[in-house]
Amino acid sequence: MNLHSNHKLLFSVIFLGFLALSMVIAVGPAIGVENSMHPLPGAKPMTDLEKRGMGVYIAEGCVACHTQQVRPIEMDQVWGRAAVPGDYAYVEPLGMWSPYAPALLGSSRTGPDLTNVGARQASETWQYMHLYNPRMVVPDSVMPAYPWLFEVVAEVGADDAVVPVSGEHAPPAGQVIPTEDGAALVAYLLSLRQASLEGSPTDHSEGVAGR
Amino acid sequence: MAADSASVVPGGSALARDHSRPLTVGKASVHPVADKDTQSTNLIFAYLGCAAVWLVIGTFIGEYLGIKFSSPDMDHLPWLSYGRLRPVHTNTVFWGWSSLALIALAFYVVPKTSNRRLFSIPLAWVSLVLINLAVIVGDVLLLSGINNGGQEYREYVWPVQAVFAVGAILVAYNLIQTVAKRDVEEIYISNWYIVAAFLWTTVVLVIAYLPFYQTNPISESVIQGYYMHMGVGMWFTPLALGLTYYFLPKLLNKPIYSYSLGVLAFWTQMLFYTMIGAHHFVFAPTPWWIQTVAIIFSVGMLVTLAAGTGNFLLTMRGSFRTIARSYSLPFILAGVLAYFFWSAQGSLEALRSLNLVWHFTNFTVAHSHLTMYGFVAFLIWGGIYGLLPMLTGREPRAFLVGVHFWFAFVGLTFYGTALMIGGTMQGLSWLAGSPFIDSVNTMVPFWLWRAVGGSLMFLSHLVFAYNLWTMRPARAPAPVKAPAVTARALS
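The model shown is predicted, which means the values in this text are computed figures rather than measured ones.

Bringing the overall build of chain B into the picture now. A count of helical and extended segments in chain B gives 17 helices and zero strands. Relative to the globule expectation of 23 Å for 491 residues, the C-alpha radius of gyration of chain B, 23 Å, shows essentially globular dimensions. Principal-axis analysis of the C-alpha atoms gives chain B an extent of 65 × 65 × 45 Å. Taking all 491 residues of chain B together, 54% fall into the buried category.

Opposite the 64 residues of chain A that make contact, chain B presents 68 residues. Within the residue set of the side of chain A that touches chain B, elements represented by two or more residues are helix H1 (7-35) and helix H2 (48-59) of chain A. Tallying contributions element by element places H1 of chain A first for the side of chain A that touches chain B, with 19 residues. Here the side of chain A that touches chain B is composed, by residue class, of 47 nonpolar, 12 polar and five charged.

The end-to-end C-alpha separation of helix H16 (residues 436-470) of chain B is 50 Å, in line with the 51 Å expected for 35 residues at 1.5 Å each. Maximum bend of H16 of chain B: about 40°, positioned at Val444 of chain B, with proline Pro445 of chain B one to four residues after it.

The next thing to look at is unusual backbone geometry. Residues and elements named next belong to chain B. In this structure, Asn253 takes a positive phi of about 60° despite not being glycine. Unlike most non-glycine residues, Phe283 shows phi in positive territory, near 75°. As for its position among the elements, Phe283 is in the loop between helix H9 (259-273) and helix H10 (288-316). Accessibility expressed as a C-beta count within 10 Å gives 21 for Phe283, which makes it buried.

Residue and element names in this part refer to chain B. In this structure, Ala334 sits in helix H12 (residues 329-350). Each C-alpha atom, one on Ala334 and one on Gly374, is 7.3 Å from the other, the two residues being 40 residues apart in sequence. Leave out the neighbours within four places in its chain, and Ala334 touches Phe378 and Phe409.

To continue, consider the environment of Val401 of chain B. Residues and elements named next belong to chain B. By secondary structure assignment, the location of Val401 is in helix H15 (residues 398-431). Given 23 C-beta atoms within a 10 Å radius, Val401 is considered buried. With 36 residues separating them along the chain, Val401 and Val365 place their C-alpha atoms 27 Å apart. Not counting residues within four places of it along the chain, the set of residues in contact with Val401 comprises Tyr327, Tyr385, Pro396 and Asn467.

We now examine H15 of chain B. Under the 1.5 Å per step criterion, the end-to-end length of H15 of chain B is 49 Å for 34 residues, consistent within 8% with the ideal 50 Å. Phi turns positive one or two residues past the end of H15 of chain B, at Gly433 of chain B, with a value near 75°.

Counting 197 residues, the largest nonpolar core has Tyr47, Ala51, Ala106 and Phe107 of chain B as its most contacted members. Those residues in contact with Phe107 of chain B, other than ones at most four positions away along the chain, are Leu43, Ile44, Tyr47, Leu118 and Ala124 of chain B. In terms of nonpolar packing, the next biggest core, distinct from the first, is built from five residues, Val70, Ala82, Ala83 and Val84 of chain A among them.

Right, let's talk about the packing of helix H7 (residues 189-209) of chain B against H9 of chain B for a bit. All names here are of chain B. Running from N to C, H7 and H9 point in directions that differ by 15°, and their axes come no closer than 10 Å. Comparing the axis directions of H7 and H9 gives the class roughly parallel. The two elements H7 and H9 meet at a crossing, and its hand is left-handed. For the pair H7 and H9, contact is made by Ile189, Trp192 and Tyr193 and by Tyr259, Gly262, Val263 and Phe266, respectively. Partitioning the contact of H7 with H9 into residue classes produces six nonpolar, one polar and no charged.

All names here are of chain B. Put simply, H10 and H12 touch, their axes get as near as 9 Å, and they point 165° apart. The orientation of H10 relative to H12 falls into the category roughly antiparallel. In this structure, the crossing between H10 and H12 has a hand that is left-handed. Residues Ala294, Ile295, Ser298, Val299, Met301, Leu302, Leu305, Gly308, Thr309, Phe312, Leu313 and Met316 of H10 pack against Leu333, Val336, Tyr339, Phe340, Ser343, Ala344, Ser347 and Ala350 of H12.

Thresholds applied
Residues numbered from 1 in each chain as written. Chains lettered and ligands numbered in written order. Predicted model: local features only at pLDDT ≥ 70, side-chain atom pairs only at ≥ 80, totals over all residues. Helix = DSSP H or I, 4+ residues; strand = E, 2+ residues; numbered from the N terminus. Rg over C-alpha atoms; globule rule 2.2 N^0.38 Å. Buried ≥ 20, exposed ≤ 12 C-beta atoms within 10 Å, placed from the backbone. Contact = placed C-beta atoms within 7 Å. Nonpolar A, V, L, I, M, F, W, Y, C, P; charged D, E, K, R; others polar. Expected span 1.5 Å × (residues − 1). Bend = angle between axes of the 7 residues up to and from the residue. Core = buried A, V, L, I, M, F, W, Y, C linked by C-beta atoms within 7 Å. Axes fitted to C-alpha atoms, helices over the stretch in contact; angles between N-to-C directions. Parallel < 35°, antiparallel > 145°, perpendicular 65-115°, else oblique. Left-handed = near helix turned anticlockwise from the far one by under 90°.

Put into structure tokens, the structure is as follows:
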């Protein structure tokens, strides 16, 4: 009866040992985070339009190149103050096919961090032009264009935001307006602004590491 | 050699030999005879055939994605846009190529080392159908913009990944039953690794896909770090290592250097590796203590690495001439060295000081290709070229295997070097506080070199697919009629 000849013993140790370690290092800490999650006093819940926009953000895979986490280190100060868990408190799962919070923190900065993009680029028109074709506003950008978030119409309605498109990117005729998804995505991007930490119990702004 | 023949050699005989030296190293033929168990051979070949198709599709997509960095306006179709296509590339090569190929080899190694047939061949076919189905449906959904919430490497929505999980669990059951009914006393070390990979991955998939403790982005990130690390390190790594514990001694025709060292590497793998997932979120607002634990155990992984790699290299010691004369063993040597160097690189990336430079950059992309490709894919290829001729009785053309090896190796070297240098420059640009667009412009030449390397890698996969085809089982079974009764008695 030893590990080398008793497969039940060997495989049980392998299975239960790993399960126990996983509980300690993953499931336990995740539950701990869930229980200590509180929104910041200055933060606003997401509107339905912004939630839909977050869905577009996830569906188009924006998280492959954009982070939404400002680390407590000097090089990240350009993106805003250091992120705290409460910054993400109002983000909810997208639905039954995706019952997990979307992976907004990201893992790659091929493009800039978007934590505070709503404050940094507050112009709706700029955001529309940038999504229609990023090279209209940032010539060296390598970001994909998203023309399917827009449509070309002959007559513009009263509520429609017209996207000023000219030159090589312009359609042969008509005006460019965002689709509902396009408008939702821009609403979401503009909603990305860091809330103030003042008066918050999670105020860590004093203790910035790496200075 | 040239100096020798010019100065020392008196006669012309050596010179004449030099002139007749062939362009390539002569590779030893293995004079294979087809395996009698044609059912098992057909099953293994079907798995490998599907894997090769997914490899070609998945890396063609990868190549296309790479070119997009240099030419972002080459198409404006939603289904082909970068954000949707990237997870199609990663999931296809993970679940379609690597997983199916590793399972194929496990279906040979586990029965062989258990001295019996696979527990159920029909069940293995069911698994093949389920896994292929998951990859097809999962990919189509990703292309149409339906994913799990953008979590890397688990982008397939849960009903799709559930189909994959059922397929994998059936394989696990099949393999465990094979080991349980083995006709030898001891459980060979390969089977520790292979069965463990299935048990661990079952746990990983269940934890990753239960939603209750992942309802906000921070708790989700805790699970994501765990998942994306264990999905690689408790699935592909132990499968590849377990198979190598069989193929290396088998192909060298000598025992593994130290069985105990293999056991040590095994338990440290489970203990250390499990703890290090959070190093993917260093400096993130996830609990600080799991990041610190992750960094400490990342360094501890050097023990596992040294034990595993040392064991393989000491087994190879004195046999390097055999390796040079073989067409399969060079892949295994390259894979073992890649395992050591690029896993050690991963430990370095976890250190806070280096993470500062490399996190979020293209250096990470280099790392994941150097490991999943340089380590895992090369060991798979070594196993396939070592095994299939013994099963089907057909050898590939040694020259074309060489083309496969060098295109893949040189391609990966270009790929990895370009992104390691470029990624470092990207990080230094951010540290220097330069405008963000500078880090994009810095990458432009490196993205081009990455595409060149990627093209060579893709070409090598076409050659591999052809080589696999030349090793296919003969259509007509061997003329020797082996009645079922006899076959059972023999096995």
